[in-house]
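Spelled out, the chains give:
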Amino acid sequence: MVHIANPILKNGELEGIKEVLDSGMLAQGEVVADFEEEFADYLGAGYAKAISNGTAALDVAMKAIGVEEGDEVITSPFSFIASANCILFQGAKPVFADIKENTFNLDPEKMEEKITDDTKAILPVHLFGQPADMKAFVDIAEDHDLFLVEDCAQAHGAEFDGRKVGSIGDIGTFSFYPTKNMTTGEGGMVVTDEERLSEKADLVRDHGQSEKYTHDMLGYNLRMTNIAASIGRAQLDRLDDWNDKRRANAEMLTSRIEGIEGLTPPAVADGVKHVFHQYVVKVEDDYPLERKELREKLHENDIGTAVHYPKVIPEQPLYKEKGYDGREYENANECAEKVFSLPIHPKVSEDDIEDMLGVLEV
Ligand SMILES: Cc1ncc(COP(=O)(O)O)c(C=O)c1O
């Protein structure tokens with residue numbers, strides 16, 4: 001079976017874990033600090049703070065920039081739910097704007113129309129490994145004096161105009177869930193160039209503790225363990241090679257899918273380095289099979305698929321209950337109806353790709 005995700009482990013990871021176990025220092029300590037430094041260096045960011053998972057990293061970022069009740073934050077309706085829930089956690093209001101249909105990312109023009117006096121921040125998501133249009137978002141954030149937060153959960157190593165995502169806005173967040181381009185088991189990271197924001201993130205993740213048993217603010221325990229960080233360090237060493245393999249796989253698929261009537265391969269925007277966290281294909285009306293039928297056929301041929309995402313966030317029961325109506329986001333809805341993801345991770349071989357194409361080329 002070619003699974004939709006399949007992390008590569010057990011190389012440097014085992015040695016790293018053994019060293020941590022031998023040291024007896026399991027909780028956040030030196031290994032976490034080393035991982036933070038290496039991750040910040042990799043991105044070209046000033047500071048990185050390791051967090052227990054990507055959802056918590058978004059929550060920490062929102063708190064670091066001071067989002068609170070009465071504020072609005074604009075994000076994408078076509079993402080994993082955490083991209084919007086981090087706003088709800090603050091008692092603030094998530095505001096959605098439609099995406100661009102070809103890149104699946106937040107449309108800057110549509111986003112700008114949603115800015116009000118209450119808007120505090122904008123939160124583009126670099127979905128499926130493709131950077132959002134950061135030039136436009138940086139300009140809009142500056143023009144309207146807004147914080148720019150990057151959700152990079154799916155885009156480790158992706159670049160916009162030669163800069164790594166996460167290092168472009170005021171603050172960026174990552175997830176290291178096992179399906180991601182690199183993992184720590186569960187884990188996350190907050191990155192920023194601003195010392196003030198990094199200090200706040202540090203407090204939020206550790207009981208608001210500025211010194212041992214001195215608590216300046218309300219905080220949680222959202223720390224990463226040394227065990228998780230040791231896995232992350234080994235993974236970071238190989239991230240670029242894995243991303244190259246994802247891109248090579250994507251090129252192979254796209255060159256052939258372009259020739260199949262009724263299937264639209266994922267677009268790559270100009271000036272970006274896409275890291276293909278997911279390879280997302282659109283099944284158009286003139287394809288001989290419906291999305292469901294095509295996915296069933298792929299599964300019968302031992303090829304795993306997934307739908308990222310079958311429903312726009314404001315159409316989720318949680319949001320409908322709050323009075324949201326997701327139907328206005330036409331492009332996002334169209335994608336939710338038509339897309340599905342094929343395996344693209346570094347363990348996918350040329351033979352696997354031929355097998356996929358054999359099913360797609362009906
Ligand atoms: C875009 C996006 N944001 C945030 C998250 C949350 O990360 P985690 O699962 O580590 O909490 C994810 C995870 O899938 C994600 O895809």
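Residues numbered from 1 in each chain as written. Predicted model: local features only at pLDDT ≥ 70, side-chain atom pairs only at ≥ 80, totals over all residues. Heavy atoms only, no water.

A.B. asks: Where do I start with the side chain of Arg205 in this structure?
C.D. replies: Relative to the assigned elements, Arg205 resides in helix α7 (residues 195-205). Apart from residues no more than four positions distant in its own chain, Arg205 is found in contact with Gln28, Glu36, Lys49, Ala50, Ile51, Tyr220, Asn221, Leu222 and Arg223. (Helix = DSSP H or I, 4+ residues; strand = E, 2+ residues; numbered from the N terminus. Contact = heavy atoms within 4.5 Å.)

A.B. asks: What's the story with the packing of aromatic side chains in this structure? I'm lost.
C.D. replies: Note on aromatic pairs: each is described by the distance of the centres and the angle between the planes. Counted according to the given criterion, the structure contains 14 aromatic pairs. Arranged with centres 5.6 Å apart and planes meeting at 75°, the rings of Phe96 and Tyr324 form a pair that is edge-to-face. Of this pair, Phe96 sits in strand β3 (residues 93-96) while Tyr324 sits in the loop between α10 (317-321) and α11 (330-338), placing them 228 residues apart in sequence. Each member of the pair, Phe96 as well as Tyr324, is classed as buried. With a centroid separation of 6.3 Å and an interplanar angle of 70°, the aromatic rings of Phe96 and Tyr329 are classed as edge-to-face. With a gap of 233 residues between them, Phe96 in strand β3 and Tyr329 in the loop between α10 and α11 connect regions that are remote in the sequence. Residue class for Phe96 comes out buried when judged on its relative accessible area of 1%. You can call Tyr329 buried: its relative accessible area is 5%. Members of the aromatic cluster, joined through ring pairs, are Phe35, Phe39, Phe174 and Phe176. In this structure, Lys164 is placed above the aromatic ring of Tyr42, and the distance from its NZ or CZ to the ring centre is 4.5 Å. (Phe/Tyr/Trp six-rings, centres within 6.5 Å; stacked < 30°, edge-to-face > 60°. Buried < 20%, exposed > 50% of the residue type's maximum accessible area, 1.4 Å probe, protein only. Lys NZ or Arg CZ within 6 Å of the ring centre and 35° of its normal.)

A.B. asks: Is there a simple way to think about the sheet that holds strand β12 (residues 263-264) in this case?
C.D. replies: By definition, the strands of a sheet pair up through backbone hydrogen bonds, in either a parallel or an antiparallel sense. What the 3 strands build is an open sheet, ordered β12-β14-β15; its pairing is antiparallel. Both edges of this open sheet fall to β12 and β15 (339-342), since each of them pairs with a single strand only. In this sheet, β15 lies alongside strand β14 (residues 279-283) in antiparallel orientation, the contact comprising 4 bridges. Its bridge partner lying in β15, Lys282 is registered against Val339. Packing of helix α9 (residues 291-300) onto the sheet brings it into contact with β12, β14 and β15, and relative to β15 it is tilted by some 15°. Sheet strands touched by α11: β14 and β15. Its angle to β14, the strand with the most contacts, is close to 95°. (Pairing = 2+ DSSP bridges. Axes fitted to C-alpha atoms, helices over the stretch in contact; angles between N-to-C directions.)

A.B. asks: What is the right way to read the sheet that holds strand β9 (residues 188-192) from this model?
C.D. replies: Spatially, 7 strands are ordered β1-β9-β8-β5-β4-β2-β3 in an open sheet, and the strand pairing comes out mixed. Each edge of the open sheet carries a strand with a single partner, namely β1 (47-51) and β3. For this sheet the average axis-to-axis angle between neighbouring strands, irrespective of direction, equals 25°. Relative to strand β4 (residues 119-123), strand β2 (residues 72-75) runs parallel, the two being bridged by 4 bridges. Within the sheet, the bridge partner assigned to Thr75 lies in β4 and is Leu123. Where helix α2 (residues 30-43) meets the sheet, its contacts fall on β1, β8 (171-175) and β9, and the angle it forms with β1 comes to roughly 130°. Lying on the sheet, helix α6 (residues 134-144) is in contact with β4 and β5 (147-151); it crosses β5 at an angle near 150°.

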